[in-house]
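Below are the chains, spelled out letter by letter.
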Amino acid sequence: MYRWQPGPGYGIVYQVTAAEGSPGGWDFFVSYTQADRAWAEWIAWTLEEDGHRVLVQAWDFVPGTNWIQGMQAGTRDAARTIAVLSPDYLTSVYGGAEWQAAWAKDADGTGRKLLTVRVSKCDRPGLLAGVVGVDLFGLAEPAAKSRLRRMVSEAIAGRAKPEAPPSFPGAGRAMPRTARFPGAPPRVWKVPAGNPNFTGRGPDLDKLAAALAALPGGAAVTVHGMGGVGKTRLATEYAHAHASGYDVVWWVAAEEPASIPDQFAGLAARLGLDPAADPETLQAVVHEGLRGVAGWLLIFDNADRVADIWPWLPTGPMPPGVPGHVIVTTRRGGFAAMGPVLDLDVIGVADAVRMLRARVPDLDQRTGELIAEELGRLPLALEQAAAWLDRSQMPAAQYLELLRSRGAELFRRGEVSDRSDTIATLWEISVGRITAENPAAVQLLGVCAYLAPEAVPLDLFTGHAERLPEPLSSAAADPLVFTDAIAMLVDYSLAKRTPAGLQLHRLVQATIRARDTSPAPSPRTHQKGLPPMAEEGPGPAMDPPAVALRVLRADAPAEVMGAPQAWPRWVVLLPHVLAAASHADHASRALGLAAMADASWLLDRAGTYLQVQAQLTDARPLLERALAIGEDVYGPDAPVVAARLNNLAGILQDLGDLAGARPLQERALAIYEAVYGPDHPEVDTDLNNLAQVLRGLGDLAGARPLQERALAITEAVYGPDHPDVARDLNNLAVILRRLGDPEGARPLQERALAIFEAVYGPDHPEVAAALNNLALILRGLGDLAGARALEERSLAIDEAAYGPDHPEVAIRLNNLARILQDLGDPAGARPLQERALAIYEAAYGPDHPDVATALNNLARILQELGDPAGARPLQERALAITEAVRSARSWDDQ
């Protein structure tokens, strides 16, 4: 059918005659350079999945094909040419000839004969600048497929007409979705409630709207100003005022960068997308999803650093007429690199008086002006002052005198830096009155000051009333009394109640923390026997920061690894755990042993949650802090410290630092043996972990006796059918398999699988891991059909549990690809291995040992497919990674 001879060293795709029996020719010819061969094959495969006939050199220029004639005939017979643009392609003589031939057949573009796809950043020089194309680089595979298919369907149809009618372009925009009823909210909406008394920011709202309208899609406008000036409120009111102009509006609390991925996962779910586990894939999936909506607005509130939010900003051009806007609020500098900065100042006197009169209608002008000036015209202070006047019904003139006298007193005592420290003054006044009316409300306010400025779930208190000091404990146990306490804080504008819980402004929180005068405890010593959730009696255990840590520890799920049912609660609690632990770190006085023990535990569990979510670089410092605090509280040789060492070693192991993990694991084992003796279950756990590290380092002979000893301990303690016994059986089976004894490994693994299925049911991640290991044993025994069925079931379980882009899924993909290779199906193995490689790179970065494994395995597939040139750079890169980390990890399977 085909005749081919290679061109003079260029390796470009060249067209050939149509297949026999195909009188209509080819639907598409893919023109590319050898450097972009992987892209070309992926494009061809995707199009053929949709039923198109595609001509691509890698598949159709078989030995014996005449290359020159093929090029000429292919150009003639293909309905359309897809030019795969890259810097290499644009410098190729033959690539230029191919796209120019397609362009010449349709110079005015009416037939859409030439389509362009950029697979890396490059110019579109000359005539190519006038050809509409798409970009595939920087996208996750699902997003890239969607964009490619959309380009092809629109080219064939000759139109990009949407399925639903557009809305009326009243704001000068054409929106590709069904029009919404006027005043209806966007399809996807997560924004704090608006303020019916919002006053005095009309010009600033106009400036913000104008700045957003003038920017290209995805660029950001930053609202900058001091705390309490109204940055968050301005962004909130803009979202409410312009809601009808967007299809998606999403609020991101950006103060804690580690909590941003969970918030984007929530957006992905609302958009009907898969909430990918690793941040990079999640970013790409959401960004591409936003391109398909009729306008969107993202608000990143209270960002500290540009670097924390930059990767989350959508990039690339928006469709014509579709707004894609980003608002960032911050107290920090340096955000001009992202786009225009709108500096927000205090409001004018007239607007300040109007703001006060919204709740105190009979306020006379002169007194209102004096109160406004006394409060520095700071919107947060004005809001609290208006709430005070409304609630207390105190005459305005008397309130003004109270402000002046209390401020002067605080200044004389040195408790405020100057008379303009209005929030501290207002807090003093409000708390004095609230304490007399509802002391439980003051205690609640104090605890919330040590949590995050996001909404605090109220069941954190009502569900753990026994962990709270009196009278807050009794109040939290009585729904009506607790509601009264919350209502008082809301009435005085010290907090606001949202559907998600109780929320304090961060400036109010900072003022409360600065005014916390709880006495410091006496110096402490290590308490090796300190039990979990220990009480210390009166004193530091009752202090607000200690109470915050204690209720969080009582509420946070302890089981995280392999417990997806616990993850939604961790999504809610994570920012509060990070805030409370941070305040413990920076407390000006010691909190007491129990509170610091709680902080260590919370950091350890939070780090483990981030580890499960593939946020390893965010998890590591939390586990390091957990270990340091644990050593300080318990001493260096306590069992709790051994647990922290274990978990930190696990992170290092996931990051590929096995040499760093080993001494931590050995130290943990020594602690457990010294404390509990040689046959304790905790010793079993550490023997397991150390054996895994040695296994990863290639020391199977050293790992085996540790694993056998662990199994003996577990069976003696728990009996033969406990899940910990299954864990040890599983790990020993892996060692035997790698030692070349699959027959000895098989009964151990089958027994482990049976225990896991009996305990957890058929669809648990532990079952998936056991299925994976049994599949590898069957592969070693030559039962490839049996191995494939088990591995496919394992993959399905993990995709359902973790999502499609988690490292556990990559392990299954890697092993299934190897089985398909053994079955003689390298073409089927290739996309699995490529997907595994992409997951590893996104989760761990480009230089991780698991990336080397995937690169090496993909290279083997390419060699089997007859592409040694494509395989070689992958092998070279894998070798470089392995040498860099000095890892002896097996490349065969995991």
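Conventions adopted
- Residues numbered from 1 in each chain as written.
- Predicted model: local features only at pLDDT ≥ 70, side-chain atom pairs only at ≥ 80, totals over all residues.
- Heavy atoms only, no water.
- Helix = DSSP H or I, 4+ residues; strand = E, 2+ residues; numbered from the N terminus.
- Buried < 20%, exposed > 50% of the residue type's maximum accessible area, 1.4 Å probe, protein only.
- Contact = heavy atoms within 4.5 Å.
- Areas by Shrake-Rupley, 256 points an atom, 1.4 Å probe, with all protein chains shown as cover.
- Pairing = 2+ DSSP bridges.
- Axes fitted to C-alpha atoms, helices over the stretch in contact; angles between N-to-C directions.
- pLDDT = per-residue confidence, 0-100.
- Phe/Tyr/Trp six-rings, centres within 6.5 Å; stacked < 30°, edge-to-face > 60°.
- Salt bridge = Lys/Arg side-chain N within 4 Å of Asp/Glu carboxyl O.
- 1 Å grid on protein atoms, 1.4 Å probe; cavity = no way out; pocket = protein on both sides within 12 Å on 5 of 7 lines; lining within 4 Å.
- Points joined across faces, edges and corners; volume = space filled by probe spheres on them.
- Nonpolar A, V, L, I, M, F, W, Y, C, P; charged D, E, K, R; others polar.
- Expected span 1.5 Å × (residues − 1).
- Arc of directions from axis to C-beta.
- Polar contact = N/O pair within 3.5 Å; in protein donor to acceptor, adjacent residues only side chain to side chain.
- Right-handed = clockwise from strand over helix to strand, strands pointing away.
- Parallel < 35°, antiparallel > 145°, perpendicular 65-115°, else oblique.
- Left-handed = near helix turned anticlockwise from the far one by under 90°.

Enquirer: How would you summarise the overall build of the protein chain if you had to cite specific residues and measurements?
Expert: In terms of helices and strands, the protein chain carries 37 helices and 13 strands. When the 894 residues of the protein chain are sorted by exposure, 55% land in the buried category. Look at the contacts in the protein chain between residues 6 or more apart in sequence, and 71% of them connect residues 24 or more apart. Total accessible area computed for the protein chain in this model is approximately 36000 Å², and 55% of it derives from carbon and sulfur atoms.

Enquirer: Mind laying out the sheet that holds strand E5 (residues 133-135), listing which residues take part and the relevant values?
Expert: Pairing is parallel in the open sheet, where five strands are placed in the order E2-E1-E3-E4-E5. Strand pairing shows two members of the sheet lacking a second neighbour, strand E2 (54-55) and E5, which therefore form its edges. Lying on the sheet, helix H1 (residues 37-49) is in contact with strand E1 (28-31), E2, strand E3 (80-85) and strand E4 (114-118); it crosses E3 at an angle near 145°.

Enquirer: Residue-level account of the confidence of the model for the protein chain, with values.
Expert: On average, residues of the protein chain carry a pLDDT of 82, and 84% of them reach 70 or more. Per-residue pLDDT stays below 50 along residues 163-183; that stretch engages in 38 contacts with residues further than four places along the chain or on separate chains. Counting contacts from residues 887-894, a segment whose pLDDT is below 50, to residues more than four positions away or on other chains yields 41 contacts.

Enquirer: Outline the pairing of strand E7 (residues 220-224), listing residues and values.
Expert: Within E7, four of the five residues are buried, which leaves the element mostly enclosed by the surrounding structure. Examined bridge by bridge, E7 and strand E11 (residues 341-343) share three bridges and lie parallel to one another. Looking at the pairing, His-224 lines up with Asp-343 of E11.

Enquirer: Would you mind going over the packing of aromatic side chains in detail, with residue names and values included?
Expert: Summed over all chains, the structure comprises eleven aromatic pairs. Centroid distance Phe-756 to Tyr-760: 6.0 Å. Interplanar angle 25°. Geometry classified as stacked. Here Phe-756 and its partner Tyr-760 are both found in helix H31 (residues 742-760), four residues apart, which amounts to about one turn of the helix. An aromatic cluster of three or more residues is present, and its members are Phe-264, Phe-300 and Trp-312.

Enquirer: Which residues make up the pattern of salt bridges, and what values go with them?
Expert: Scanning all chains against the criterion turns up 42 salt bridges. Close ionic contact of Glu-876 with Arg-872 constitutes a salt bridge, the shortest N to O distance being 3.0 Å. One end of the pair is Glu-876 and the other is Arg-872, both in helix H37 (residues 868-885) and four residues apart, which spans about a single turn. Assessed through its relative accessible area of 56%, Arg-872 is described here as exposed. One network of salt bridges, in which partners are shared, links Arg-37, Glu-41, Arg-830, Glu-834 and Asp-867.

Enquirer: Let's hear about the sheet that holds strand E8 (residues 248-253): which residues, and what values?
Expert: Reading across the sheet, the six strands line up as E6-E8-E9-E10-E7-E11 and stay open at both edges, with parallel pairing between neighbours. Bordering the open sheet on either side are strand E6 (188-190) and E11, each of which pairs with just one other strand. Across the sheet, the mean angle from the axis of one strand to that of its neighbour is 20°, orientation sign disregarded.

Enquirer: Describe unusual backbone geometry, and please don't skip the residues or the numbers.
Expert: Of the consecutive residues Glu-470 and Pro-471, the connecting peptide bond is found in the cis state with omega at 5°. Within the fold, Pro-471 resides in the loop between helix H18 (459-462) and helix H19 (472-477). Phi at Arg-112 is positive, roughly 50°, even though this residue is not glycine. Here Arg-112 shows up in the loop between helix H5 (93-105) and E4. In the Ramachandran plot, Asn-302 falls in the positive-phi region, its phi being about 60° despite a non-glycine side chain. Of note, Asn-302 is situated in the loop between strand E9 (296-301) and helix H11 (306-309).

Enquirer: So, empty space enclosed by the protein: which residues are in play, and what are the values?
Expert: Applying the stated criterion to the full structure yields six cavities of 30 Å³ or more. Space inside the largest cavity adds up to approximately 70 Å³. Around the largest cavity, the lining residues are Gly-227, Gly-228, Val-229, Gly-230, Lys-231, Thr-232, Asp-301, Asn-302, Thr-329, Arg-331, His-505 and Arg-506. Its residues assigned to classes, the lining of the largest cavity shows one nonpolar, seven polar and four charged.

Enquirer: Lay out helix H20 (residues 479-491) in plain terms, naming residues and giving numbers.
Expert: With 13 residues, H20 extends 18 Å between its outermost C-alpha atoms, agreeing within 8% with the 18 Å of an ideal straight helix rising 1.5 Å per residue. The complete set of buried residues in H20 reads Phe-482, Ala-485, Ile-486, Met-488 and Leu-489. The arc that holds every buried residue of H20, seen down its axis, measures 155°, which confines them to one face. Across from the buried face of H20, at angles greater than 90 degrees, the exposed residues are Pro-479 and Leu-480. The residue sitting at the N-terminus of H20 and contributing the capping side-chain oxygen is Asp-478; that oxygen lies 3.1 Å from the backbone nitrogen of Leu-480. Immediately downstream of H20, the backbone of Ser-493 shows phi near 55°, a positive value.

Enquirer: A description of the pairing of E1 should follow, citing residues and the corresponding values.
Expert: A two-sided burial pattern is seen for E1, the buried positions comprising Phe-28 and Val-30 on one face and Phe-29 and Ser-31 on the other. Taken together, E1, H1 and E2 form a β-α-β motif whose crossover is right-handed. Relative to E3, E1 runs parallel, the two sharing four bridges. Bridge assignment links Phe-28 to a residue of E3, and that residue is Arg-80.

Enquirer: Residue-level account of helix H33 (residues 784-802), with values.
Expert: Counted at 1.5 Å a residue, the expected span for H33 with its 19 residues is 27 Å, and the 26 Å between its end C-alpha atoms agrees. In this structure, the buried residues of H33 make contact with helix H23 (567-585), helix H32 (765-780) and helix H34 (807-822).

Enquirer: How would you sum up the packing of helix H12 (residues 349-357) against helix H13 (residues 365-374)? Please name residues and give values.
Expert: To describe two helices that pack against each other, one gives the angle between their axes and the distance between the axes. The contact between H12 and H13 brings their axes to 9 Å, and the two run at 105°. In terms of axis orientation, H12 runs roughly perpendicular to H13. Counted together, Val-349, Ala-352, Val-353, Leu-356 and Arg-357 of H12 and Gln-365, Gly-368, Glu-369, Ile-371, Ala-372 and Glu-373 of H13 form the full contact between these two elements. When its residues are assigned to classes, the contact of H12 with H13 shows six nonpolar, two polar and three charged.

Enquirer: Report on the environment of Asp-847, specifying residues and quantitative values.
Expert: Checked against the element boundaries, Asp-847 lands in the loop between helix H35 (826-844) and helix H36 (849-864). As a C-alpha pair, Asp-847 and Gly-656 span 191 residues in sequence and 9.2 Å in three-dimensional space.

Enquirer: Account for the packing of helix H28 (residues 681-696) against helix H30 (residues 723-738), with residues named and values stated.
Expert: Between H28 and H30, the least distance of the axes is 11 Å, while the angle of their chain directions is 25°. With respect to their mutual orientation, H28 and H30 come out roughly parallel. As H28 packs across H30, the resulting crossing turns out to be left-handed. For the pair H28 and H30, contact is made by Asp-684, Thr-685, Asn-688, Gln-692 and Arg-695 and by Arg-727, Asp-728, Asn-731, Val-734, Ile-735 and Arg-738, respectively.

Enquirer: Any chance you could break down the side chain of Asn-688 for me, citing the residues and the numbers?
Expert: Looking at where Asn-688 falls in the secondary structure, it is placed in helix H28. Given a relative accessible area of 1%, Asn-688 falls into the buried group. With residues up to four places along the chain from it excluded, the contact list for Asn-688 reads Gln-707, Ala-710, Arg-727, Asp-728 and Asn-731.

Enquirer: Before we move on, can you summarise the environment of Asp-77 with the specific residues and values?
Expert: Checked against the element boundaries, Asp-77 lands in helix H3 (residues 67-77). By relative accessible area, Asp-77 is classed as partly exposed at 22%. When the C-alpha atoms of Asp-77 and Phe-29 are compared, they prove to be 9.1 Å apart, with 48 residues separating the residues in sequence.

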